[in-house]
Amino acid sequence: MLIGKASEYRYSEITPQSVFLRRREFLAAMMASGSAFAAGTKLEGVVKSNYKVDDAVNSYKDATTYNNFYEFGTQKELPAIQARNFKTSPWTVSIEGDCAKPRKFSVEEIMKLAPLEERVYRFRCVEAWSMIVPWIGFSLSTLLKQVEPTAKAKFVAFETYYNRKEMPSSNYAGIPFPYVDGLRLDEAMHPLALLTFGMYGEMLPPQNGAPIRMIVPWKYGFKSIKSIAKIKLQSSMPPVTWNLAIPHEYGFYSNVNPRVDHPRWSQGSERRLGEFRKRPTLMFNGYDEVAGLYSGMDLKKFI
Ligand SMILES: Nc1nc2c(c(=O)[nH]1)N[C@H]1C(S)=C(S)[C@@H](COP(=O)(O)O)O[C@H]1N2
Ligand SMILES: [Mo]
């Protein structure tokens, strides 16, 4: 049985502030020992969030051996094997564009900005499979506020790290690299949009987008860009890799919508990893609180 291992990791029961202080010490110790951000490093002082769906959590194995990460191969089992030695530390993220304080951050600097939260989200891939994962991070808005977006900033563009030599399979993936994606600024500032560093109590493994990725739970999985190297605030709508690759199949928004089918997959239902039966897919993947972001928009047109 692949589902239901949520009890394998433990929550911290102490206050966010003490947790926060302890984690700063923990990060300092990790950096001093040179072991910072090895995949699988246990994250200390993670606060349990109210963002938690009730469904059974998928196993660590499900979530870390059935991956889409085309830089490391196009078959689901390949990223776990081919990204094994991907070097994710040290790592910097450049935040630039229409903001008052553009700068580069190390991942350690970013992780110190706010308490780390565990959020158990539904995750729905456009290929009609889904999973329930305990991600660890905090709202992207926390980071964006640091650089003070200007009035010109209407969108956020994301770019994945790319080095062909470290990612030889990317030559055969059939999509352009670096992988890019974007959000409207108000989507990016929504508290559900999670800047993610870990899962199942540990640092992300490379195949899941170490050391820093997005999880946008009301959108199809491809919007949850991995291994981010650059974030740019801008006035124009950013390019989206899957829209560039197959424009008639993928749009900019890609909100989970059971009423609009993909040309190759029905979006009305989904199969949870580890299960055989199909479940109905929910509008916005069940995250109704984002509906207001799209009021007045025809979501059959703006796919
Ligand atoms: N850089 C990059 N990010 C990516 C992808 C990718 O190929 N490259 N695949 C996307 C797709 S299609 C999905 S479904 C999710 C998968 O995330 P997971 O492997 O953590 O489940 O990552 C998304 N982010
Ligand atoms: Mo996907």
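Numbering of residues starts from 1 in each chain and follows the order in which that chain's sequence is written. Chains carry letters from A onward and ligands carry numbers from 1 onward, assigned in written order. Confidence filtering applies because this is a predicted model: local features only for residues at pLDDT of at least 70, side-chain atom pairs given and counted only at 80 or more, and all residues used for totals across whole chains, interfaces and linings. With hydrogens and water stripped out, all remaining heavy atoms of the structure feed into the side-chain values.

Observations regarding the site of ligand 1
Okay, so step 1: Think of it this way: one heavy atom of a residue within 4 Å of a molecule or strand is enough to make that residue near it. Of all residues adjacent to ligand 1, which total 18 residues, the nearest are N67, Y70, N208, R213 and K226.
Okay, so step 2: Here an oxygen atom of ligand 1 and a side-chain polar atom of K226 are 2.6 Å apart.
Okay, so step 3: Summarising the interface, the protein chains cover 98% of the accessible area of ligand 1, which totals 530 Å² for the free molecule.
Okay, so step 4: Gly counts as polar in this scheme, as do all residues outside two lists: the nonpolar Ala, Val, Leu, Ile, Met, Phe, Trp, Tyr, Cys and Pro, and the charged Asp, Glu, Lys and Arg. Classifying every residue of the shell around ligand 1 by side-chain character gives nine nonpolar, six polar and three charged. We call two N or O atoms a polar contact when they sit within 3.5 Å, provided that within protein one can donate a hydrogen and the other can accept it, with sequence-adjacent residues counted only if both atoms are side-chain atoms. Surface accessibility follows the Shrake-Rupley procedure with a 1.4 Å probe radius. Residue values consider only the protein chains on display as shielding.

Here's the deal with the pairing of strand 2 (residues 92-97)
Okay, so step 1: Both strand 2 and strand 3 (residues 103-106) contribute to a ladder of four bridges, which runs antiparallel. Residue pairing for strand 3: S94 is matched across the bridge by K104.
Okay, so step 2: Strands qualify as paired when DSSP identifies two bridges or more between them. Note on conventions: DSSP H or I runs of at least 4 residues are helices, E runs of at least 2 residues are strands, and numbering of each starts at the N terminus. Once strand 2 ends, the chain turns through five residues before running back antiparallel as strand 3.
Okay, so step 3: Note: strand 2 against strand 11 (residues 228-234), four bridges, orientation parallel. Residue pairing across strands places E96 opposite K232, the latter belonging to strand 11.

Side note on the side chain of S49
Okay, so step 1: Structurally, S49 is set in strand 1 (residues 47-52).
Okay, so step 2: Residue S49 is classed as buried on the basis of its relative accessible area of 10%.
Okay, so step 3: Here, residues are in contact when the closest pair of their heavy atoms is within 4.5 Å. Every residue in contact with S49, bar those within four places of it in the chain, is listed here: E117, E118 and R119. For every residue, the accessible area obtained with a 1.4 Å probe (protein chains only) is divided by the maximum for its type, and the residue is called buried under 20%, exposed over 50%, and partly exposed between those limits.

With respect to the pattern of salt bridges
Okay, so step 1: Throughout this description, the term salt bridge denotes a Lys or Arg side-chain nitrogen within 4 Å of a carboxyl oxygen of Asp or Glu. The tally for this structure, following the rule as stated, stands at 17 salt bridges.
Okay, so step 2: The structure contains a network of salt bridges with shared partners spanning D55, R124, E270, R272, E275, R277 and R279.

Description of the pairing of strand 4 (residues 117-124)
Okay, so step 1: Burial analysis of strand 4 places seven of its eight residues in the buried class, the great majority of the element.
Okay, so step 2: Of the pairings in the sheet, the one linking strand 1 to strand 4 comprises three bridges and is parallel in character. Across the sheet, residue K52 finds its bridge partner in strand 4, namely V120.
Okay, so step 3: Counting the residues between successive antiparallel strands, the hairpin from strand 4 to strand 5 (residues 129-139) contains four residues, one of them, A128, with a positive phi of roughly 75 degrees.

Brief notes about the sheet that holds strand 7 (residues 180-184)
Okay, so step 1: One open sheet holds the five strands; their spatial order is 3-2-11-6-7, and the pairing between them is mixed. Each edge of the sheet is formed by a strand with only one pairing partner; in this case those strands are strand 3 and strand 7. The average angle at which neighbouring strand axes cross in this sheet is 20 degrees, direction not considered. The axes are straight lines fitted to the C-alpha atoms, using for helices just the contacting stretch, and the angles between their N-to-C directions are given from 0 to 180°.

Details of the confidence of the model for the protein chain
Okay, so step 1: The share of residues in the protein chain with pLDDT of 70 or more is 88%, and the mean pLDDT across the chain is 92.
Okay, so step 2: pLDDT gives the predictor's per-residue confidence on a scale running from 0 to 100. Per-residue pLDDT stays below 50 along residues 1-14; that stretch engages in 25 contacts with residues further than four places along the chain or on separate chains.

Concerning helix 5 (residues 140-147)
Okay, so step 1: Along helix 5, the residues classified as buried are L140, S141, L143, L144 and V147. Angular distribution of buried residues about the axis of helix 5 spans 160 degrees; they occupy a single face of the element. Directions drawn from the helix axis to the C-beta atoms are what define this arc.

What about the packing of aromatic side chains?
Okay, so step 1: Only the six-membered ring of Trp is used, alongside the rings of Phe and Tyr, when aromatic pairs are assigned; centres must lie within 6.5 Å, and planes under 30 degrees apart are stacked while those over 60 apart are edge-to-face, with the rest tilted. Overall, the coordinates contain 21 aromatic pairs when judged by the stated rule.
Okay, so step 2: Look at W91 and Y161: their rings are 5.3 Å apart centre to centre, the planes differ by 50 degrees, and that puts the pair in the tilted class. Of this pair, W91 sits in the loop between helix 3 (78-82) and strand 2 while Y161 sits in the loop between strand 6 (155-160) and strand 7, and the two are 70 residues apart along the sequence.
Okay, so step 3: Using a relative accessible area of 7% as the deciding quantity, one classes W91 as buried.
Okay, so step 4: An aromatic cluster of three or more residues is present, and its members are F155, F252, Y253, F284, Y294 and F302.

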